[in-house]
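# Inside the fold
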Amino acid sequence: MMSQEEITLSDSNNVLSQAESARPTCVLLAEDDRALRRFLEIVLKRAGYKVIPAADGLEAMKIALSNPIDVVVTDAMMPNLSGHEFCRFLRNSQTLFHVPVILLSALERKETNHDGEQVDAFLAKPVSGESLIECIEKVLERKRKPHND
């Protein structure tokens, strides 16, 4: 016969596994401008996202390889590894190829799918918190829907 303590322990484990499955959407935010990175991190956290910030593409790559992420928001031009190079890395990864990528750029050019990077969305800088959240919701919704090609 199970003691009250054992029952409580197994119930708490069940609650824990339910909480893990209902984890918040995790955004990997790669931006070398510290002020913009902090601003976007605050906006995304207030919107209910878990945010993992990275100061450049190389740091973002290390984070992506060691954390469960649902979407990537990356600056196009960063030191060490650009957003374009980071996106190509994700698309060539057996485990990360499916993660939606939003590319932020101060450049006017909106060619989002060149050189095999396959960006899911492009946002021009300066980007508002509202437009970033809206864009994240759109790319995640597209990911959830089955493709009818």
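Up top is the structure.
This write-up is about the structure you can find in this document.

What counts as what
- Residues numbered from 1 in each chain as written.
- Predicted model: local features only at pLDDT ≥ 70, side-chain atom pairs only at ≥ 80, totals over all residues.
- Heavy atoms only, no water.
- Buried < 20%, exposed > 50% of the residue type's maximum accessible area, 1.4 Å probe, protein only.
- Helix = DSSP H or I, 4+ residues; strand = E, 2+ residues; numbered from the N terminus.
- Pairing = 2+ DSSP bridges.
- Right-handed = clockwise from strand over helix to strand, strands pointing away.
- Core = buried A, V, L, I, M, F, W, Y, C linked by side-chain atoms within 4.5 Å.
- Contact = heavy atoms within 4.5 Å.
- Phe/Tyr/Trp six-rings, centres within 6.5 Å; stacked < 30°, edge-to-face > 60°.
- Axes fitted to C-alpha atoms, helices over the stretch in contact; angles between N-to-C directions.
- Parallel < 35°, antiparallel > 145°, perpendicular 65-115°, else oblique.
- Left-handed = near helix turned anticlockwise from the far one by under 90°.
- Nonpolar A, V, L, I, M, F, W, Y, C, P; charged D, E, K, R; others polar.

Right, let's get into the pairing of strand S1 (residues 26–30). Among the five residues in S1, five count as buried, and that is most of the element. Every second residue of S1 is oriented toward a common face, with Cys26, Leu28 and Ala30 on one face and Val27 and Leu29 on the other, all of them buried. Pairing analysis gives five bridges linking S1 to strand S2 (residues 50–54), with the strands arranged parallel. Within S2, the position partnered with Cys26 by the bridge is Lys50. For the crossover from S1 across helix H2 (residues 34–46) to S2, the handedness is right-handed. Note: S1 against strand S3 (residues 71–75), four bridges, orientation parallel. Residue pairing for S3: Val27 is matched across the bridge by Val71.

Right, let's get into the nonpolar core. If you look at the biggest cluster of nonpolar residues, it comprises 23 residues, and the most contacted ones within it are Leu28, Ala64, Ile69, Val72, Phe86 and Leu90. Those elements that provide at least two residues to this core are S1, S2, helix H3 (57–66), helix H4 (83–92) and strand S4 (101–105). With four residues, the top contributor of residues to this core is H3. Setting aside its immediate chain neighbours within four residues, Ala64 contacts Leu28, Ile69, Phe86, Leu90 and Leu96. Listed in part, the 19 residues of the second largest apolar core include Val27, Ile102, Leu123 and Val139.

What follows covers the environment of Cys26. Locating Cys26 in the fold gives a position in strand S1. For the pair Cys26 and Val72, spaced 46 residues apart in sequence, the C-alpha separation works out to 8.7 Å. Aside from chain neighbours lying at most four places away, what touches Cys26 is Lys50, Ile52, Pro68, Ile69, Asp70 and Val71.

What describes a pair of aromatic rings is the distance from one ring centre to the other and the angle between the planes of the rings. In the structure shown here, the tally under the stated rule is one aromatic pair. Ring centres 6.4 Å apart and planes at 15 degrees place the aromatic pair Phe86 and Phe89 in the stacked group. Placement of the pair is Phe86 and Phe89 together in helix H4, with a separation of three residues, close to one helical turn. The exposure class of Phe86 is buried, given its relative accessible area of 0%. The exposure class assigned to Phe89 is partly exposed, which follows from its relative accessible area of 23%.

For the pair H3 and H4, the least separation of the axes is 9 Å and the interaxial angle reads 20 degrees. Put simply, H3 runs roughly parallel to H4. Considering only the axes of H3 and H4, their crossing is right-handed. Facing Gly57, Ala60, Met61, Ala64 and Leu65 of H3, the residues of H4 in contact are Phe86, Phe89 and Leu90. Looking at side-chain class alone, the contact of H3 with H4 contains seven nonpolar, one polar and no charged residues.

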